[in-house]
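These are the residues of each chain, in order.
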Amino acid sequence: MFQRNVLASGVVPQISLIMGPCAGGAVYSPAMTDFIFMVKDSSYMFVTGPDVVKTVTNEIVTQEELGGAVTHTTKSGVADVAFENDIEALLAARDFIDFLPASNREGAPERPSSDPWDRIEASLDTLVPASANQPYDMHELIRKTVDEGDFFEVQPTHAANIIIGFGRIEGRTVGFVANQPMVLAGCLDINSSKKAARFVRFCDAFEIPIVTFVDVPGFLPGTAQELNGIIKHGAKLLFAYAEATVPKITVITRKAYGGAYDVMASKHLRGDLNYAWPTAEIAVMGAKGAVEIIFRGRTPEEIAEQTAQYEARFANPFVAASKGFIDEVIQPHSTRRRIALGLRKLRGKQLENPWKKHDNIPL
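Everything in this summary refers to the structure shown in the same document. (Residues numbered from 1 in each chain as written. Predicted model: local features only at pLDDT ≥ 70, side-chain atom pairs only at ≥ 80, totals over all residues. Heavy atoms only, no water.)

### A word on the environment of Ser-113
Okay, step 1: Position of Ser-113 relative to the elements: it lies in the loop between helix H6 (86–97) and helix H7 (138–145).
Okay, step 2: Of the residues examined, Ser-113 reaches a relative accessible area of 30% and is grouped as partly exposed.
Okay, step 3: Between the C-alpha atom of Ser-113 and that of Thr-279, which follows or precedes it by 166 residues, the distance is 31 Å.
Okay, step 4: In this structure Ser-113 touches Asp-147, Glu-148 and Gly-171, once residues within four positions along its chain are discounted.
Okay, step 5: In terms of polar contacts, Ser-113 uses its side chain to reach the side chain of Glu-148, at 2.9 Å. (Helix = DSSP H or I, 4+ residues; strand = E, 2+ residues; numbered from the N terminus. Buried < 20%, exposed > 50% of the residue type's maximum accessible area, 1.4 Å probe, protein only. Contact = heavy atoms within 4.5 Å. Polar contact = N/O pair within 3.5 Å; in protein donor to acceptor, adjacent residues only side chain to side chain.)

### Quick word on the packing of aromatic side chains
Okay, step 1: Counted by the stated rule, this structure contains 17 aromatic pairs.
Okay, step 2: Aromatic side chains Phe-35 and Phe-202 sit 4.8 Å apart centroid to centroid with 75° between the ring planes, which places their arrangement in the edge-to-face category. Of the two residues, Phe-35 is situated in strand S3 (residues 35–39) and Phe-202 in helix H8 (residues 190–205); the sequence distance between them amounts to 167 residues.
Okay, step 3: The exposure class assigned to Phe-202 is buried, which follows from its relative accessible area of 5%.
Okay, step 4: One aromatic cluster in this structure is built from Phe-35, Phe-37, Phe-83, Phe-96, Phe-99, Phe-152, Phe-166, Phe-199, Phe-202 and Phe-206.
Okay, step 5: Of note, Arg-338 hangs over the ring of Tyr-275, and the distance from its end group to the ring centre comes to 5.9 Å. (Phe/Tyr/Trp six-rings, centres within 6.5 Å; stacked < 30°, edge-to-face > 60°. Lys NZ or Arg CZ within 6 Å of the ring centre and 35° of its normal.)

### With respect to the pairing of strand S1 (residues 15–18)
Okay, step 1: Only one face of S1 is buried: it carries Ser-16 and Ile-18, and the other face, with Ile-15 and Leu-17, is open.
Okay, step 2: Two elements, S1 and S3, share four bridges in a ladder whose sense is parallel. Paired with Leu-17 across the bridge in S3 is Phe-37. (Pairing = 2+ DSSP bridges.)

### Here's the deal with the packing of H8 against helix H10 (residues 230–243)
Geometrically, a packed helix pair is captured by the angle between its two axes and the distance between the axes.
Okay, step 1: It is at 8 Å that the axes of H8 and H10 come closest, and there the two elements cross at 20°. Taken together, H8 and H10 sit at an angle that is classed as roughly parallel. Between H8 and H10 lies a crossing whose hand is left-handed. Here Ile-190, Ser-193, Lys-194, Ala-196, Ala-197, Val-200, Arg-201 and Asp-204 of H8 lie close against H10, whose contacting residues are Ile-230, His-233, Gly-234, Lys-236, Leu-237, Ala-240, Tyr-241 and Glu-243.
Okay, step 2: Here the residues of the contact of H8 with H10 are counted per class, giving eight nonpolar, three polar and five charged. (Axes fitted to C-alpha atoms, helices over the stretch in contact; angles between N-to-C directions. Parallel < 35°, antiparallel > 145°, perpendicular 65-115°, else oblique. Left-handed = near helix turned anticlockwise from the far one by under 90°. Nonpolar A, V, L, I, M, F, W, Y, C, P; charged D, E, K, R; others polar.)

### Structural notes on the sheet that holds S3
Okay, step 1: In spatial order, the strands read S1-S3-S5; together these three strands make up an open sheet with parallel pairing. Each of the sheet's edge strands pairs with one partner strand only, and the pair in question is S1 and strand S5 (81–83). Put simply, the sheet's adjacent strands are angled 20° from each other on average, direction ignored.
Okay, step 2: Strand direction decides the pairing type here: S3 and S5, joined by three bridges, are parallel. Of the residues in S5, the one forming a bridge with Met-38 is Ala-82.

### Looking at the layout of surface pockets
Okay, step 1: When its volume is computed, the largest pocket comes out at roughly 1,800 Å³.
Okay, step 2: In terms of lining, the largest pocket is formed by 44 residues, of which the most central are Ser-9, Arg-198, Arg-201, Phe-202 and Glu-243.
Okay, step 3: Elements with a minimum of two residues in the lining of the largest pocket: helix H1 (2–8), S3, H8 and H10.
Okay, step 4: Taken together, the residues of the lining of the largest pocket break down into 18 nonpolar, 12 polar and 14 charged. (1 Å grid on protein atoms, 1.4 Å probe; cavity = no way out; pocket = protein on both sides within 12 Å on 5 of 7 lines; lining within 4 Å. Points joined across faces, edges and corners; volume = space filled by probe spheres on them.)

### Here's the deal with unusual backbone geometry
Okay, step 1: With phi around 65°, Asn-58 is a residue other than glycine that occupies positive phi space.
Okay, step 2: In this structure, Asn-58 sits in the loop between helix H3 (50–57) and helix H4 (63–67).
Okay, step 3: The backbone of Ala-159 sits at a positive phi, close to 45°, despite the residue not being glycine.
Okay, step 4: Note on placement: Ala-159 falls in the loop between strand S6 (152–154) and strand S7 (162–169).
Okay, step 5: You can call Ala-159 buried: its relative accessible area is 12%.

Shown next, in the form of structure tokens:
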């Protein structure tokens, strides 16, 4: 069974529904499939059960705490979505599979849509707050961009600082990756990098275009992140985007700083169309941090003056646009129209990576 899972990976989409106990070696079959749906309070997954754990390590833990749906969809990230009951899980699976192609040689199913491709969404002009420190909900941008507001989010409760999921534009499936400013200010960390990297690779395997919404102040700082290998894990997302040959459209809404800007489907990673809103800031780092390093030892008044100068020069997308890193600065209200036009242009995109048996992604 495991061997068949591996050979089918990237050939046909694989979805596992865990509707009851799944323990021991059996857990590795769903683990190798693309998506896992679980049911709260009735399904669980673990390699060794609570009794063995108690015998070996003296830890006392319940089945639910050890491998329940909530545990795996929030803490471990093993499963993608937890549903209230079996019926919800089965109905969601039917809805979900409607986004996916039957195999890697077929296109995703098209659904007729009455939602105009050039719909103007005026409310997006006020989505980004005036203060750079204030968050906003990136779900709003995604739902106002996709057909009929229909967005199927994957892993909504795990590493919520990044959003992944499927929507449609002009009836065709599109994969969305977006930083979420409401959680950890939208920083990239170990869990969000792994979550998004696997999603990007899935989309690439099945020729699903990827739209990326960027508002990222950087990678999450701290000893816990560094000691647990943020360099290697962050490289997974970088690798996934660089490797992907599907159409890639990027929209920078606000912050795009340093290495995190590079990682989020930048022009440097073969992004096809890279747009920015007028509120976008593309720089190595934020004005305050940069000025305190460059002008170390200056008086607070001088620091404030230099910060204002730095912001005037770099806190806008036009410097990056003048260097060709941004194709165009667009108005937020026309985001859907620009993405729809971009996807039309890229429909016949042909791009091949050099021949190889397989790559060696930094696992």
